[in-house]
Amino acid sequence: MVVYRIDINSDLGEGFGVYNLTNDKELLKYVTSSNIACAFHGGDYNIMKRTVKIAKEFNVGISAHPGLPDLLGFGRREMQVTPDDVCRWV
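Residues numbered from 1 in each chain as written. Predicted model: local features only at pLDDT ≥ 70, side-chain atom pairs only at ≥ 80, totals over all residues. Heavy atoms only, no water.

To continue, consider the pairing of strand 1 (residues 9–12). Every second residue of strand 1 is oriented toward a common face, the buried set being Ser 10 and Leu 12 and the non-buried set Asn 9 and Asp 11. In the sheet, strand 1 pairs with strand 4 (residues 33–39) via four bridges, with the strands oriented parallel. Residue pairing in the sheet places Leu 12 in a bridge with Ile 36 of strand 4. (Buried < 20%, exposed > 50% of the residue type's maximum accessible area, 1.4 Å probe, protein only. Helix = DSSP H or I, 4+ residues; strand = E, 2+ residues; numbered from the N terminus. Pairing = 2+ DSSP bridges.)

On to the pairing of strand 5 (residues 61–67), then. Where strand 4 and strand 5 come together, seven bridges link them in parallel fashion. Within strand 5, the position partnered with Cys 38 by the bridge is Pro 66. Chirality of the crossover, the property in question, places the unit of strand 4, helix 2 (residues 45–57) and strand 5 among those that are right-handed. (Right-handed = clockwise from strand over helix to strand, strands pointing away.)

Counted by the stated rule, this structure contains three salt bridges. Among the ionic pairs, Glu 57 bridges to Lys 53, the shortest N-O distance being 3.9 Å. Taken as a pair, Glu 57 and Lys 53 lie in helix 2 at a separation of four residues, close to a single helical turn. Considered together, Glu 57 and Lys 53 belong to a single accessibility category, that of exposed residues. For Arg 88, the salt bridge is made with Asp 85, and the minimal N-O distance between the two is 2.8 Å. Linking Arg 88 with Asp 85, this pair stays in helix 3 (residues 83–89), spanning three residues, or about one helical turn. Under the relative-accessibility criterion, Arg 88 is labelled exposed at 59%. By relative accessible area, which is 23% here, Asp 85 ends up partly exposed. (Salt bridge = Lys/Arg side-chain N within 4 Å of Asp/Glu carboxyl O.)

This next bit is on the sheet that holds strand 4. One open sheet accounts for three strands, arranged 1-4-5; its pairing is parallel. In the strand order of this sheet, the two ends are held by strand 1 and strand 5, each with one partner. Sheet twist, expressed as the average angle between the axes of neighbouring strands with direction ignored, equals 30 degrees. Here helix 2 sits on the sheet and contacts strand 1, strand 4 and strand 5; the angle it forms with strand 4, its principal contact strand, is near 165 degrees. (Axes fitted to C-alpha atoms, helices over the stretch in contact; angles between N-to-C directions. Contact = heavy atoms within 4.5 Å.)

Structure below.
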């Protein structure tokens, strides 16, 4: 008998300070993996920490969803950055 598994993934942790864009805790009940917004991709360090903690409580896999400090280009333009910069952002 073949058993299939499907990974249900969601981008989470977006917001800044008191402004949360989604109900991450509710979404984490239904996904198996998540991409946590970090660096300059619409999340701050408090939201990142809280979202990772909740994901761990629900046994949801996590990965980083970083962005570059490029407000006008929405973090998508090529930039010259150092590995140390990236480490600190994520």
